[in-house]
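# Inside the fold
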Amino acid sequence: SLIHSLVGNPIELRLAAISSYRRLSCNGKSRSHLLDLYANKYQDTELRIAAYLAVMQCPTSQIIRKIKDTLYGEEVNQGSQKDYDFFVAVGNTTM
């Protein structure tokens, strides 16, 4: 994928590639690789946030579950508790 081909390039270029997905329709390409990027705690935080924003343009129950699981597993929880609580609440009402 475009994102994987940019590994090793400057972060600005990788962020621009991720941002391009935010402009695609939800019927476009799969965003699973962006979800994997978001879930990888070893990736740069800025890349993870950009991937999260791109993925959440077209949320599905599967995406929300993966994000919830990722947030739950974070070792350093810098403000993500609010997000986690939101996803738990959404999950309890819609899934």
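Everything here concerns the structure above.
Predicted, not measured: the structure shown is a model, and the values here were computed from it.

## Some details on the overall build of the chain
From N to C terminus, the chain includes six helices and zero strands. Along the chain direction, N to C, the helices and strands of the chain fall in the order α-α-α-α-α-α. Within the chain, the proportion of its 95 residues that are buried is 33%. At a minimum sequence separation of 6, the contacts of the chain that also span at least 24 residues come to 45%. Only carbon and sulfur atoms are counted for the fraction: they give 52% of the accessible area of the chain, which is about 6,100 Å².

## Points about the packing of helix α3 (residues 32–39) against helix α4 (residues 45–55)
One can describe the packing of α3 onto α4 by two numbers: an axis separation of 8 Å at closest approach and a directional angle of 140°. Classed by the angle they form, the pair α3 and α4 counts as oblique. Between α3 and α4 lies a crossing whose hand is left-handed. For the pair α3 and α4, the contacting residues are Leu34, Leu35, Leu37, Tyr38 and Ala39 in the first and Leu47, Arg48, Ala51, Tyr52, Ala54 and Val55 in the second. Of the residues in the contact of α3 with α4, the class split is 10 nonpolar, no polar and one charged.

## Some points on the layout of surface pockets
A volume near 160 Å³ is recorded for the second largest pocket. Contributing to the lining of the second largest pocket are Ser30, Arg31, Ser32, Leu35, Asp36, Val55, Cys58, Thr60, Gln62 and Ile63. Of all elements in the fold, only α3 and α5 (61–73) reach the threshold of two or more residues within the lining of the second largest pocket. With three residues, the single largest contributor to the lining of the second largest pocket is α3. In terms of residue class, the lining of the second largest pocket is made up of four nonpolar, four polar and two charged.

## Here's the deal with the state of the cysteines
All told, the structure shown has one disulfide when counted by the stated rule. The residue that forms a disulfide with Cys26 is Cys58, at a sulfur-sulfur distance of 1.9 Å. Across the S-S bond of Cys26 and Cys58 the torsion is about -90°, and the bridge reads as left-handed. With a gap of 32 residues between them, Cys26 in the loop between α2 (11–22) and α3 and Cys58 in the loop between α4 and α5 connect regions that are remote in the sequence. Its relative accessible area of 48% is what places Cys26 among the partly exposed residues.

## With respect to the environment of Lys66
Looking at the secondary structure, you find Lys66 in helix α5. The exposure class assigned to Lys66 is partly exposed, which follows from its relative accessible area of 31%. A sequence separation of 28 residues divides Lys66 from Tyr38, and the C-alpha atoms of the two residues are 9.7 Å apart. Each residue touching Lys66, except ones within four places of it in the same chain, is listed here: Leu35, Asp36 and Ala39.

## A closer look at the nonpolar core
Core analysis: the largest hydrophobic core is formed by 15 residues, its most contacted members being Ile18, Leu34, Val55 and Ile67. Among the elements of the structure, α2, α3, α4 and α5 are those that each provide at least two residues to this core. Looking at which element gives the most residues to this core, the answer is α4, with five residues.

Parameters at a glance
Residues numbered from 1 in each chain as written. Predicted model: local features only at pLDDT ≥ 70, side-chain atom pairs only at ≥ 80, totals over all residues. Heavy atoms only, no water. Helix = DSSP H or I, 4+ residues; strand = E, 2+ residues; numbered from the N terminus. Buried < 20%, exposed > 50% of the residue type's maximum accessible area, 1.4 Å probe, protein only. Contact = heavy atoms within 4.5 Å. Areas by Shrake-Rupley, 256 points an atom, 1.4 Å probe, with all protein chains shown as cover. Axes fitted to C-alpha atoms, helices over the stretch in contact; angles between N-to-C directions. Parallel < 35°, antiparallel > 145°, perpendicular 65-115°, else oblique. Left-handed = near helix turned anticlockwise from the far one by under 90°. Nonpolar A, V, L, I, M, F, W, Y, C, P; charged D, E, K, R; others polar. 1 Å grid on protein atoms, 1.4 Å probe; cavity = no way out; pocket = protein on both sides within 12 Å on 5 of 7 lines; lining within 4 Å. Points joined across faces, edges and corners; volume = space filled by probe spheres on them. Disulfide = S-S within 2.5 Å. Core = buried A, V, L, I, M, F, W, Y, C linked by side-chain atoms within 4.5 Å.

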